Amino acid sequence: MQVMSGVPEGLPQGLYSKVARYRHKVFVEQLDWELQTQDDAELDQFDRSDTVYVVAQDDEEQVFGCARLLPTTRPYLLREVFPQLLNGLQPPCSPDVWELSRFAAVDLNNQTSTLGQFSSPVAIKLLQASIACAAAHGAKRLIAVSVVGVERLLRRAGFHAHRAGPPMVIDGHPIFACWIELDQPCQAMFV
Amino acid sequence: MITLSDDSYIRLTLETFLATQLVHFSSGLDEDKPISPQEGASFAHISGYTEWLSTTTPTLTIGWDWGLDVSQGQPLYVRLDAPRSNIMLVDAMQYDLGSAKTSVLLEAVIDALAWRKEVHQNITTRYA
């Protein structure tokens, strides 16, 4: 498994397209999310030139995991689309806070439960890499919108995660906003 | 008094929390988690989670894992592990009790709450 990260221009040629197609397979075809798609690729308005991607590939350079990181000082998913998940609080806007989204660690050649994506060793390694990447960009905390159930899996895996507000059913899916603290115990996992 | 802080935690005393009504939001079965039995208990391989909300504004949210204990003959829903919530309990002077103490107190409240029937009805309906 190899993990790399960067903005679109900094990724190896062709990898950005691979990630978009992988996201289509996972989020649109498997999870049935209603997202913008074109030519079997999934990209939205938050896929910008400054968006940071974390990508896991196997030895044959097939993508089997991805994550998207956005600074909260510019438009991001939670603020623009799901601010109601914050229980009335203003969405964070700080260089210390980055948003984690489009996280998946599903090996399309070896299907497991979609909720298992957060309990597998690959998912944990990908999340650790995402946290390290965000920290390298100055983040002290991550905020994420996710399905209910992810918080428990994050905590079981040893991450310091806690909910930012009550869950809500949106488009038929119960989702919530979750903080992931990049504090000492978490950092120690990938020193 | 219920206070929503910038760190997303809702701060309130235990007394206020005990006086707050909680309503069921959702419950579900674990699909890929192995059971870790507690000492003295025997679990059928059935476990899941449940989520509850307050009717207040701002909203309290609390969820916990449960397992089905069959050691006593009659299946019994039992809370597993610490609850997950946006609650930070405070003392009479409004000082935080801290995450650990808050968790212990929330566990005691959950264990005394009448949640099992609601979860059972929800699970049996959802997975019928």
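Right, let's walk through the structure included here. (Residues numbered from 1 in each chain as written. Chains lettered and ligands numbered in written order. Predicted model: local features only at pLDDT ≥ 70, side-chain atom pairs only at ≥ 80, totals over all residues.)

## Overview of the overall build of chain A
- Check the secondary structure of chain A and you find five helices and ten strands.
- Each principal axis of the C-alpha distribution contributes one length, and for chain A these read about 45 × 40 × 30 Å.
- Across the 191 residues in chain A, those meeting the buried criterion constitute 38%.
- In chain A, the proportion of contacts linking residues at least 24 apart, taken out of those at least 6 apart, comes to 66%. (Helix = DSSP H or I, 4+ residues; strand = E, 2+ residues; numbered from the N terminus. Buried ≥ 20, exposed ≤ 12 C-beta atoms within 10 Å, placed from the backbone. Contact = placed C-beta atoms within 7 Å.)

## A short note on the sheet that holds strand 7 (residues 87–90) of chain B
Residues and elements named next belong to chain B.
- Read across the open sheet, the three strands follow the order 1-2-7; overall the sheet is mixed. At either end of the open sheet lies a strand with only one pairing partner, and these are strand 1 (3–4) and strand 7.
- Summarising the sheet, strand 1 and strand 2 (residues 10–13) pair through two bridges and their orientation is antiparallel. Bridging from a neighbouring strand, L4 pairs with I10 of strand 2. (Pairing = 2+ DSSP bridges.)

## Focus: the pairing of strand 5 (residues 61–69) of chain B
All names here are of chain B.
- The element strand 5 is extensively covered by neighbouring structure, given that eight of its nine residues are classed as buried.
- Inspection of the sheet shows strand 5 paired to strand 6 (residues 76–85) by seven bridges, in the antiparallel sense. Counted as the bridge partner of G63 is R84 from strand 6.
- Between strand 5 and strand 6, which follow one another and run antiparallel, lie six residues, and G73 among them has a positive phi close to 95°.

## Considering helix 3 (residues 121–136) of chain A
All names here are of chain A.
- Taking 1.5 Å per residue, 16 residues should reach 22 Å; helix 3 reaches 22 Å between its end C-alpha atoms and fits that length.
- Burial in helix 3 covers these residues: A123, L126, L127, A129, S130, I131, C133 and A134.
- G138, located one to two residues past helix 3, shows a positive phi value of around 100°. (Expected span 1.5 Å × (residues − 1).)

## Observations concerning unusual backbone geometry
- Residue P58 of chain B is bonded to the preceding T57 of chain B through a cis peptide linkage, with omega at -5°.
- By the secondary structure assignment, P58 of chain B is in the loop between strand 4 (43–54) and strand 5.
- In this structure, D39 of chain A takes a positive phi of about 55° despite not being glycine.

## What to know about the environment of L105 of chain B
Residue and element names in this part refer to chain B.
- Its place among the elements puts L105 in helix 2 (residues 99–112).
- Using a count of 16 C-beta atoms within 10 Å as the deciding quantity, one classes L105 as partly exposed.
- Expressed as a C-alpha distance, the spacing of L105 and L89, which sit 16 residues apart in the sequence, is 8.6 Å.
- Ignoring anything within four residues of it in the chain, the contact list for L105 reads L14 and L89.

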